[in-house]
Amino acid sequence: SAVISQKPSRDICQRGTSLTIQCQVDSQVTMMFWYRQQPGQSLTLIATANQGSEATYESGFVIDKFPISRPNLTFSTLTVSNLSPEDSSIYLCSGNGHQETQYFGPGTRLLVL
Amino acid sequence: AQSVTQLGSHVSVSEGALVLLRCNYSSSVPPYLFWYVQYPNQGLQLLLKYTSAATLVKGINGFEAEFKKSETSFHLTKPSAHMSDAAEYFCAVSAHGGSNYKLTFGKGTLLTVNP
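All of the points below concern the structure found in this document. (Residues numbered from 1 in each chain as written. Chains lettered and ligands numbered in written order. Predicted model: local features only at pLDDT ≥ 70, side-chain atom pairs only at ≥ 80, totals over all residues. Heavy atoms only, no water.)

### Thoughts on the overall build of chain A
The helix and strand tally for chain A stands at zero helices and eleven strands. In chain A, the succession of α and β elements from N to C terminus is β-β-β-β-β-β-β-β-β-β-β. Here the C-alpha atoms of chain A give a radius of gyration of 13 Å, agreeing with the 13 Å that 2.2 N^0.38 yields for 113 residues. Taking all 113 residues of chain A together, the buried fraction comes to 53%. For chain A, long-range pairs separated by at least 24 residues make up 52% of all intrachain contacts whose partners lie at least 6 apart in sequence. Split by element, the accessible area of chain A, about 5100 Å² in all, is 49% carbon and sulfur. Seen as two clouds, the 7 positive and the 8 negative side-chain charges of chain A have centres 8 Å apart. (Helix = DSSP H or I, 4+ residues; strand = E, 2+ residues; numbered from the N terminus. Rg over C-alpha atoms; globule rule 2.2 N^0.38 Å. Buried < 20%, exposed > 50% of the residue type's maximum accessible area, 1.4 Å probe, protein only. Contact = heavy atoms within 4.5 Å. Areas by Shrake-Rupley, 256 points an atom, 1.4 Å probe, with all protein chains shown as cover. Lys, Arg positive; Asp, Glu negative; His and termini not counted. Charge placed at Lys NZ, Arg CZ, Asp CG, Glu CD.)

In structure tokens, the structure reads:
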């Protein structure tokens, strides 16, 4: 299995600012993904982070709001831009170890005031 | 297109009782199916997965699930609940043979275990 870490674990931000979340995997993985979990809700896929190319976004999510980088096979960042209180959520990254199996990081808990 | 329905957003059992969390899926291709658990203030931990091998899958912490194609179900069970099982449980599906293995999650079931 892959072990995934995220930084920061939590943050409180002012509206209008941005937060960049880092995701580090302890081994090379083919796919990395970013999810949002709004309070009391399930996980919604934001995008697939592609190594060396632009991320693939799901319906309802755009690059200007959620720019993603993936410079290599073990690291990715998600930026949440122009923050509003509606962005208060848990953001989780995942990577697939054995092809179909995704392993998740501990999440970043964001509160926007 | 894929979807997952988890029946019961909240299940409450007594310690030592049977745990049954229901999951039904919809998929146009053979699915991969997963159960994840989320403890308070933590990320998701993989409990078990079905990937077209044995239909009865055993996972960690005494949990198991049975894939029933005719019922499009993948219910999670544990014979005897423990207080430490209290958590949120998510069922998820991805496409068998898909190129990117994107997961679609159910809405989750919160399991409460009463002493």
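Having seen the structure, we can now continue with the description.
### Topic: a nonpolar patch on the surface
All names here are of chain A. A cluster of nonpolar side chains, namely Ile-12, Leu-111 and Leu-113, defines an oily patch on the protein surface of about 280 Å² accessible area. Looking at where Leu-111 falls in the secondary structure, it is placed in strand 11 (residues 108–112). With a relative accessible area of 39%, Leu-111 lands in the partly exposed category. (Patch = residues over 30% accessible without salt bridge, like charges linked within 9 Å, V, L, I, M, F, W, Y side chains within 5 Å. Salt bridge = Lys/Arg side-chain N within 4 Å of Asp/Glu carboxyl O.)

### Section: the state of the cysteines
Under the counting rule described, the total for this entry stands at two disulfides over all chains. Across the disulfide from Cys-23 of chain A sits Cys-93 of chain A; the S-S distance is 1.9 Å. Of note, the bridge from Cys-23 of chain A to Cys-93 of chain A carries an S-S torsion of about 70° and is right-handed in sense. Of the two residues, Cys-23 of chain A sits in strand 3 (residues 19–25) while Cys-93 of chain A sits in strand 9 (residues 89–96), which places them 70 residues apart along the sequence. The same class applies to Cys-23 of chain A and to Cys-93 of chain A, which are both buried. In this model Cys-23 of chain B forms its disulfide with Cys-91 of chain B; the gap between the sulfur atoms is 2.0 Å. Linking Cys-23 of chain B and Cys-91 of chain B, the disulfide has an S-S dihedral of approximately -60° and is accordingly described as left-handed. Of this pair, Cys-23 of chain B sits in the loop between strand 3 (19–21) and strand 4 (24–27) while Cys-91 of chain B sits in strand 10 (residues 87–95), and the two are 68 residues apart along the sequence. Between Cys-13 of chain A, a cysteine without a disulfide, and Cys-93 of chain A, which holds the nearest cysteine sulfur, the sulfur-to-sulfur distance is 17 Å. (Disulfide = S-S within 2.5 Å.)

### Quick notes on the interface of chain B and chain A
In this assembly, 20 residues from chain B lie in contact with 22 residues from chain A. Between chain B and chain A, a total of about 1600 Å² is buried, with carbon and sulfur atoms accounting for 55% of that surface. The partner of Glu-58 of chain A in a salt bridge is Lys-102 of chain B, and the shortest N-O contact between them spans 3.0 Å. At the junction of chain B and chain A, the tally comes to nine residue pairs in polar contact (both at pLDDT 80 or more). Taken together, the elements giving at least two residues each to the side of chain B that touches chain A come down to strand 5 (31–38) and strand 6 (44–50) of chain B. The element best represented in the side of chain B that touches chain A is strand 5 of chain B, accounting for four residues. Taken together, the residues of the side of chain B that touches chain A sort by class into nine nonpolar, eight polar and three charged. (Buried area = accessible area lost by both parts, 1.4 Å probe. Polar contact = N/O pair within 3.5 Å; in protein donor to acceptor, adjacent residues only side chain to side chain. Nonpolar A, V, L, I, M, F, W, Y, C, P; charged D, E, K, R; others polar.)

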